[in-house]
Amino acid sequence: LMTLFFLAVGLEIGREVAEGSLRDRRNALLPVLAALGGMAGAALVYLAATAVLHPRIDTTKGWGIPMATDVAFTLGAIALLGRRVPRPLRVFVLALAVADDIGSVVVLAVVASTKIHLLWLVAAAASLGAVVIMRRHVRHRWWPYAIAALGAWYLFVRAGVEPTLAGAFVGILVPVANAARAGRSLEAPVHAVSSYVVLPLFVLANAGVVVTGAVWHSTGAVSVMSAVTSARILGKMLGITLMVVLLVRLGMCGLPERTTWRHIIGVSLLCGMGITVPLLFAHVVFGAAPHLYSGAQIGLLLGTLGAAALGGIVLLSSRPLPDPPAGAQVDDPARATVPSAPGVPPAPVATFDPKEGRAACEPD
């Protein structure tokens, strides 16, 4: 059932790439690299914390648990904050959350796949190749892609690879651009089933958090709980913020429009919210150790609450920058946009062109 959730995520990415905020490859660079920074920051903080508290292999193998951001939780928190979060920043957070959800599942596929069956893996890759060919010819019917997702899921299961990846990959490949109706026809029912059936069932199946004396007296469980909590709050914030700072300082990207550095810190804290994919990861790596799994559950709960509270405080204390007057020159290189053709509005997230972008930002 979680494959349906990732099918919905893949459809959303495909739509953004085809006709949304990620249509310009330059705009996609900042959130994707920021997602990688957040994943790396969370994993490193988790490993550092377990090395100090309980340096044993049974706890360190959970380094992938705090990496993923929960798309629904993060966007829900941003919606509650209203105008405190400018719209270009919301698009940035959506792309970031989706990117590190998929990145985390890819990591899970590598870590959890103990025995890969090569022939089945080749068959799974061939099924995705067939979808690539099919999208050129089947542009308006949605049901062939539903069948393709089911077939790819079965092949991924037999190959020994995390099967939820099948949903994400097929979702991205469903055609949306140039008036294709397949993606739009499939997105509405898949989102409905994912939101009202799959996620509630997943939450109910994993809602029981065991808080017993055995958990609190287990050094391993306490270290996992502490490591997950600190990785969700501190690791995600540092990883995302430092990656954005690096990209802006190198002139590779600019901040989203009307966005300040306080906004970036606030949303990077909100990206520490996450239950769905992290619990999936925790179940795979700690399923045979109930006390460690309980420690991971408690850590995810505390980390999500802490990230939501701190991120909300930071964003409530910030205000979006006003829109620049029409025709006004942008002086701040961190928020500059690449000049475009006459009559074409600049992209909300900019990447500096070697000839145009740098020249446009040079002081008089």
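Preceding this section is the structure that the text describes.
Peer 1: Report on the packing of helix H1 (residues 2-19) against helix H8 (residues 164-173), specifying residues and quantitative values.
Peer 2: Close contact between H1 and H8 brings their axes to 7 Å; oriented N to C, the two are set at 25 degrees. It follows from the interaxial angle that H1 and H8 lie roughly parallel. Where H1 crosses over H8, the two elements pack in a sense that is right-handed. For the pair H1 and H8, the contacting residues are Met 2, Thr 3, Phe 6, Leu 7, Gly 10, Leu 11, Ile 13 and Gly 14 in the first and Thr 164, Gly 167, Ala 168, Val 170, Gly 171 and Ile 172 in the second. Among the residues forming the contact of H1 with H8, the class breakdown is eight nonpolar, six polar and no charged.

Peer 1: Requested: an account of the pattern of salt bridges, with residues and values cited.
Peer 2: Evaluation of the coordinates by the stated rule reveals two salt bridges. One salt bridge connects Asp 100 with Lys 236, and the closest N-O pair in it is separated by 2.7 Å. Of this pair, Asp 100 sits in helix H5 (residues 87-112) while Lys 236 sits in helix H11 (residues 219-249), placing them 136 residues apart in sequence. The buried category is assigned to Asp 100, whose relative accessible area is 0%. For Lys 236, a relative accessible area of 0% gives the class buried.

Peer 1: Report on the packing of aromatic side chains, specifying residues and quantitative values.
Peer 2: Applying the stated criterion to the full structure yields two aromatic pairs. Their ring planes at 85 degrees and their centres at 5.1 Å tell us that Phe 5 and Phe 6 sit as a pair that is edge-to-face. Phe 6 matches Phe 5 in its accessibility class, with the two residues each being buried. With a centroid separation of 6.1 Å and 90 degrees between ring planes, the pair formed by Trp 120 and Tyr 154 is classed as edge-to-face. Here Trp 120, found in helix H6 (residues 118-137), pairs with Tyr 154, found in helix H7 (residues 143-159); they are 34 residues apart in sequence, far enough to count as distant. Overall, Trp 120 belongs to the partly exposed group, its relative accessible area being 29%.

Peer 1: Mind laying out H1, listing which residues take part and the relevant values?
Peer 2: Because each turn of an α-helix spans 3.6 residues, side chains separated by three or four positions in sequence point in the same direction. An ideal rise of 1.5 Å per residue puts 26 Å on 18 residues; H1 measures up with 26 Å between its terminal C-alpha atoms. In terms of burial, H1 is largely enclosed, as 13 of its 18 residues are buried.

Peer 1: Report on the environment of Phe 6, specifying residues and quantitative values.
Peer 2: Positionally, Phe 6 belongs in helix H1. The class of Phe 6 is buried, set by a relative accessible area of 1%. A sequence separation of 165 residues divides Phe 6 from Gly 171, and the C-alpha atoms of the two residues are 7.8 Å apart. Discounting residues that sit within four places of it in the chain, Phe 6 has contacts with Asp 101, Val 105, Thr 164, Gly 167, Ala 168 and Val 277.

Peer 1: I'd like a rundown of the nonpolar core, residues and numbers included.
Peer 2: In this structure, Ile 65 and Phe 286 are the most contacted members of the largest nonpolar core, which totals 54 residues. Looking at this core, the element that brings in the most residues is H5, giving eight residues. The next biggest cluster of nonpolar side chains, apart from the first, holds 27 residues, and it includes Ala 35, Val 244, Cys 253 and Val 267.

Each value, and the rule that gives it
Residues numbered from 1 in each chain as written. Predicted model: local features only at pLDDT ≥ 70, side-chain atom pairs only at ≥ 80, totals over all residues. Heavy atoms only, no water. Axes fitted to C-alpha atoms, helices over the stretch in contact; angles between N-to-C directions. Helix = DSSP H or I, 4+ residues; strand = E, 2+ residues; numbered from the N terminus. Parallel < 35°, antiparallel > 145°, perpendicular 65-115°, else oblique. Left-handed = near helix turned anticlockwise from the far one by under 90°. Contact = heavy atoms within 4.5 Å. Nonpolar A, V, L, I, M, F, W, Y, C, P; charged D, E, K, R; others polar. Salt bridge = Lys/Arg side-chain N within 4 Å of Asp/Glu carboxyl O. Buried < 20%, exposed > 50% of the residue type's maximum accessible area, 1.4 Å probe, protein only. Phe/Tyr/Trp six-rings, centres within 6.5 Å; stacked < 30°, edge-to-face > 60°. Expected span 1.5 Å × (residues − 1). Core = buried A, V, L, I, M, F, W, Y, C linked by side-chain atoms within 4.5 Å.

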